[in-house]
Amino acid sequence: MVQYDFDGTTAVVTGAASGIGRQTALEFARHGASVVVADVDDNGAAETVDLIADGGGEAVAVHTDVTEMSDVERMVETAVDEFGSLDYAVNNAGVGGAQEPTGDLDEADWERIVDINLNGVWRSLSAEVDHMVGQDGGVIVNMASVLGHVGFQNASAYVAAKHGVLGLTKTAAWEYADDDIRVNAVCPGFIETNMLEEGGITSDEQLRQEIAGRHSQNRLGEPEEIAAAVVWLCSDAASFTNGEPLTVDSGYRGI
Ligand code: NAI
């Protein structure tokens, strides 16, 4: 099993109360980082903290709604106050949202999905670089999606937001390279999490099989397989990787 030396470092993970974010938080702790578990779901966040403690790691939860600038600022302050630095940040919080053709989508639904999935990444990134510029750099990973590369019917707000996350990532990578901050994105294929259950994909066996068949290995991915890519991007093994939309999708074939 790969082992990085993250001892004495601090990682912030948004959306870490479940799914990919929780697994990423656990993976950071396994490599020795202290973790700030940031989420709107306080119970789920507390469970993630307990799981990290059970494994001998160190973590705190901080209530964070990524649609609120003051919340993401507090998240960064928590990392510094509790653990002394902010070295890695994973902007992972996201929602699937309404499933409707573009013309039928309610304006409020569009705004909510974009506000969490795109604006939330910008708010988080903005607060993180503010701190990292004043220290010895850092690494930021934004959670995009394979739907940041291709379309998907009835999910235009989500798809547009994820395409936007890639544009933001590529731009910020150039802006902060001189400050020793690397900014990358991960673009997962379809992963077994609550998001797919809530979106009715994993609960509908026929749809699940159809979606699985768009991946070369004819299955959905596991959160662990995305967390591994995130920590690799944060490690020194990825020291020349910047502005990269790292796709982890088993060769997904979309529209
Ligand atoms: P999940 O539903 O298990 O986790 C999402 C987390 O984000 C939850 O803990 C939720 O409470 C939190 N969250 C939602 N709104 C928030 C807000 N306003 N502020 C702070 N936290 C908030 O889903 P999953 O799959 O783990 O999603 C994580 C990320 O991965 C998302 O950005 C998603 O778009 C992305 N992704 C997921 C894929 C999948 O197939 N599951 C595929 C590609 C990308």
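In what follows, the accompanying structure is described. (Residues numbered from 1 in each chain as written. Predicted model: local features only at pLDDT ≥ 70, side-chain atom pairs only at ≥ 80, totals over all residues. Heavy atoms only, no water.)

**Examining the nonpolar core**
- Counting 29 residues, the largest nonpolar core has F6, F28, V35, V37 and V230 as its most contacted members.
- Only β1 (10-14), α1 (19-30), β2 (34-39), α2 (42-54), β4 (88-91), β5 (138-143) and α8 (223-234) provide two or more residues apiece to this core.
- Among the elements that take part in this core, α8 stands out by supplying 5 residues, more than any other. (Core = buried A, V, L, I, M, F, W, Y, C linked by side-chain atoms within 4.5 Å. Buried < 20%, exposed > 50% of the residue type's maximum accessible area, 1.4 Å probe, protein only. Helix = DSSP H or I, 4+ residues; strand = E, 2+ residues; numbered from the N terminus.)

**A short note on unusual backbone geometry**
- Despite not being glycine, N154 shows a phi value in the positive range, around 65°.
- Even without glycine at this site, S250 takes up a positive phi of about 50°.

**Brief notes about the layout of surface pockets**
- Approximately 1,200 Å³ is the volume found for the largest pocket.
- Lining of the largest pocket is provided by 49 residues; of these, G94, V95, G96, Y158 and M195 occupy positions nearest its centre.
- When contributions to the lining of the largest pocket are tallied by element, the ones reaching two or more residues are α1, β2, α5 (156-176), α6 (194-198) and α7 (205-212).
- It is α6 that contributes the most residues to the lining of the largest pocket, 4 residues altogether.
- Considering only enclosed or pocket space, the second largest pocket measures out at about 310 Å³ in volume.
- As for the second largest pocket, its lining consists of 18 residues, and the residues nearest its centre are Y88, G138, V139, C234 and D236. (1 Å grid on protein atoms, 1.4 Å probe; cavity = no way out; pocket = protein on both sides within 12 Å on 5 of 7 lines; lining within 4 Å. Points joined across faces, edges and corners; volume = space filled by probe spheres on them.)

**Quick look at the packing of helix α4 (residues 107-132) against α5**
- For the pair α4 and α5, the least separation of the axes is 8 Å and the interaxial angle reads 15°. Classified by the angle their axes make, α4 and α5 are roughly parallel. For the pair α4 and α5, the crossing hand works out as right-handed. For the pair formed by α4 and α5, the contact residues are W110, I113, V114, N117, L118, V121, W122, L125 and V129 on the first element and S156, A157, Y158, A160, A161, G164, V165, L168, A172 and Y176 on the second.
- Its residues assigned to classes, the contact of α4 with α5 comprises 16 nonpolar, 3 polar and no charged. (Axes fitted to C-alpha atoms, helices over the stretch in contact; angles between N-to-C directions. Parallel < 35°, antiparallel > 145°, perpendicular 65-115°, else oblique. Left-handed = near helix turned anticlockwise from the far one by under 90°. Contact = heavy atoms within 4.5 Å. Nonpolar A, V, L, I, M, F, W, Y, C, P; charged D, E, K, R; others polar.)

**Digging into empty space enclosed by the protein**
- One pass over the full model with this rule turns up 1 cavity of 30 Å³ or more.
- Empty space within the largest cavity amounts to approximately 30 Å³.
- Considering the residues around the largest cavity, the lining is formed by A98, E100, L105, I113, N154, A155, S156, A157 and Y158.
- Here the lining of the largest cavity gets 3 residues from one element, more than from any other, and that element is α5.
- For the lining of the largest cavity, the residue count by class is 6 nonpolar, 2 polar and 1 charged.

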